Amino acid sequence: MAAIYAAAGVYHFVKPGFYLKLMPTWLPWPGALVFWSGVAEILLALLLIPDSTRATSAWLIIAMLVVFFFTIHIPQTIDFYQRQSRYLMISVIRLPIQFVLVWWAWLYTKA
């Protein structure tokens, strides 16, 4: 899990344009949000490694996933639906995956 979140966080810096395309237009400072979300994912990934910080990191990952679900994933899916985007199906499929990620992080809260 730590490796996946670390890789995702690094990808924010390698390909920020990918994440900028996902940002809802109503959120301010999209570049800064992409930067700081990448930092957060890397930091949370590193905090998953030691036993002493694993549970806290997992709870923070759950919080991040819930916030992203309601502020990014759902609005993006609605936007794709309204625009009849070719990416709608990918966005719809991604929604239940967030529940799997929350469940996976929850397993780490028992550290």
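Described below are features of the structure shown in this document. (Residues numbered from 1 in each chain as written. Predicted model: local features only at pLDDT ≥ 70, side-chain atom pairs only at ≥ 80, totals over all residues. Heavy atoms only, no water.)

**With respect to helix 5 (residues 88-107)**
Inference 1: Under the 1.5 Å per step criterion, the end-to-end length of helix 5 is 30 Å for 20 residues, consistent within 8% with the ideal 28 Å.
Inference 2: Most pronounced at Pro 96, the bend in helix 5 amounts to some 25°.
Inference 3: Of the residues making up helix 5, those classed as buried are Ser 91, Arg 94, Leu 95, Gln 98 and Ala 105.
Inference 4: Next to the buried residues of helix 5 lie helix 2 (16-22) and helix 4 (51-83). (Helix = DSSP H or I, 4+ residues; strand = E, 2+ residues; numbered from the N terminus. Expected span 1.5 Å × (residues − 1). Bend = angle between axes of the 7 residues up to and from the residue. Buried < 20%, exposed > 50% of the residue type's maximum accessible area, 1.4 Å probe, protein only. Contact = heavy atoms within 4.5 Å.)

**Remarks on the nonpolar core**
Inference 1: With eleven residues, the main nonpolar core is built from Met 1, Tyr 5, Leu 44, Ala 45, Leu 48, Ala 58, Ile 61, Ile 62, Met 64, Leu 65 and Ala 105.
Inference 2: When contributions to this core are tallied by element, the ones reaching two or more residues are helix 3 (30-48) and helix 4.
Inference 3: The dominant element in this core, judged by the number of residues it contributes, is helix 4, at five residues.
Inference 4: Apart from residues no more than four positions distant in its own chain, Ala 45 is found in contact with Ala 2, Tyr 5 and Ala 6. (Core = buried A, V, L, I, M, F, W, Y, C linked by side-chain atoms within 4.5 Å.)

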